[in-house]
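So the chains spell out like this:
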Amino acid sequence: MKRYFRGKWMYTANARDEVMENFILVEEDGKITDIRPDDGKIPPEGEVIDVRDYYLIPGLIDCHVHFFIGPDCAAFPQSSCRIADMICEGAANAEKLYKAGIVACRDLGAVGGYTLGLRDAINRGIVRGPKILACGHAICVTGGHGHELCYEIDGADRMRQAVHQTIKDGADVIKLMASGGVNSPGPEPGPCELTAAEVKAGIETAHSMGRKVAAHAHGETAMRLCIEAGVDSIEHGVFMTEAIMEQMIAKDVFLVPTLCAPYYAVTEGIRREPDNPDHKKSQEILERHRQVLKRCSEKGVKIAMGTDAGCPFNPYEKAAHEIVLMVRAGLSPQAALKAATAGGAELMGLDDLGALETGRRATFICLKENPFEQIETVDQIAKLYADGQSVCLD
Ligand SMILES: [Zn+2]
């Protein structure tokens, strides 16, 4: 049966990046079959859903989350009881993210690679959550950044083996930990941890198997090695320089900023752990991250939204707040919403989400206010429709 959504305002995020006013969106079998001006003509047998009280945007896409991580589960759990607990918590995390309006996401590193199973359970419909593309384990050098979530390698051959292993595990995407964290000791901020040979071997192997590569990289050396080797996205990119931005434009590489990570470290982290020096430093990192994002947007680097939800103090249920932070960093609401919809869909290779146009899924969010005028309205979504069906947000 067809459903006819009558609306007054919709940001389509389509190729023309349009807003449509006073429209009828026709949905059948979960897909959009037509969008046309509201001429009041609806066949009598059609179901009409009036969304004229709301402002519609496509369902959001978060290109950087971790469902199995967090203050007490950074290490592999030692008992079957704890493993079961952690897996249930991961499923609950996915539902929280979904209710925040995130309809698709990339999980870029999970303890035990557990997200691969969560992804499959969501695809089978037994757990409610966003569509997930996952890397399972990320890949780092022995003892490297985030090694609790990684296969640890040293040398190009071991890198190739680890990429093959993650693909054998079922990975959709490969995640490399190219640099340390913002506070890691080393010769430069965000020191490079992988060698040029390891980066090249990882990216070549992943691409030969049809998988994109996301690289955690904060420092210039790590970013440069990854971009030269053909990486698909730079994650975080806090210490990015103008020269790197130009390389990214030339090689069509996405930036996935994650402003929520330093933001929640500054707000919640300092409140809960006032003496932790890393949280105090996060203020500087947040400022730097904002400047890099603004500059990337001005120069024309492709941007896809990420949150790093699941990292300490970074809540799944507030993932959409990343859009507000992007606007506070200097992006227009439209540019931030594009990164959170069409940008993510392009990076993740999803041609059925990320925009509202004929042929795509009828998956969208209803907001109470016009997000172009009042971006904070994304913090509290009024309704979520997935494939034309209303999703319960309670
Ligand atoms: Zn991360």
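Right, let's walk through the structure included here. (Residues numbered from 1 in each chain as written. Predicted model: local features only at pLDDT ≥ 70, side-chain atom pairs only at ≥ 80, totals over all residues. Heavy atoms only, no water.)

1. A short note on the overall build of the protein chain
Stage number 1. Looking only at helices and strands, the protein chain has 10 helices and 18 strands in total.
Stage number 2. For the protein chain, whose C-alpha radius of gyration is 21 Å, the value lies close to the compact-globule estimate of 21 Å for 394 residues.
Stage number 3. Each principal axis of the C-alpha atoms in the protein chain carries an extent, and together these give about 65 × 45 × 45 Å.
Stage number 4. Among the 394 residues that make up the protein chain, the fraction classed as buried is 56%.
Stage number 5. Sequence-distant contacts, at least 24 apart, represent 67% of the contacts inside the protein chain between residues at least 6 apart.
Stage number 6. Accessible surface for the protein chain amounts to roughly 15,700 Å². Of this, 49% is attributable to carbon and sulfur atoms. (Helix = DSSP H or I, 4+ residues; strand = E, 2+ residues; numbered from the N terminus. Rg over C-alpha atoms; globule rule 2.2 N^0.38 Å. Buried < 20%, exposed > 50% of the residue type's maximum accessible area, 1.4 Å probe, protein only. Contact = heavy atoms within 4.5 Å. Areas by Shrake-Rupley, 256 points an atom, 1.4 Å probe, with all protein chains shown as cover.)

2. Examining the packing of helix α3 (residues 156-169) against helix α4 (residues 196-208)
Stage number 1. As a packed pair, α3 and α4 sit with axes 8 Å apart at the nearest point and diverge in direction by 30°. Viewed along their axes, α3 and α4 adopt a mutual orientation that is roughly parallel. Read as a crossing pair, α3 and α4 show a hand that is right-handed. For the pair α3 and α4, contact is made by A156, M159, R160, V163 and H164 and by A197, E198, A201, G202, T205 and A206, respectively.
Stage number 2. The residue makeup of the contact of α3 with α4, split by class, is six nonpolar, three polar and two charged. (Axes fitted to C-alpha atoms, helices over the stretch in contact; angles between N-to-C directions. Parallel < 35°, antiparallel > 145°, perpendicular 65-115°, else oblique. Left-handed = near helix turned anticlockwise from the far one by under 90°. Nonpolar A, V, L, I, M, F, W, Y, C, P; charged D, E, K, R; others polar.)

3. Some thoughts on the packing of aromatic side chains
Stage number 1. Applying the stated criterion across every chain yields a total of nine aromatic pairs.
Stage number 2. With a centroid separation of 5.5 Å and an interplanar angle of 85°, the aromatic rings of F68 and Y114 are classed as edge-to-face. On the criterion of sequence distance, the pair formed by F68 in the loop between β6 (60-65) and α1 (80-99) and Y114 in the loop between β7 (102-107) and α2 (115-124) is long-range, its members being 46 residues apart.
Stage number 3. In this structure an aromatic cluster arises from ring pairing among W9, Y11, Y55 and F372. (Phe/Tyr/Trp six-rings, centres within 6.5 Å; stacked < 30°, edge-to-face > 60°.)

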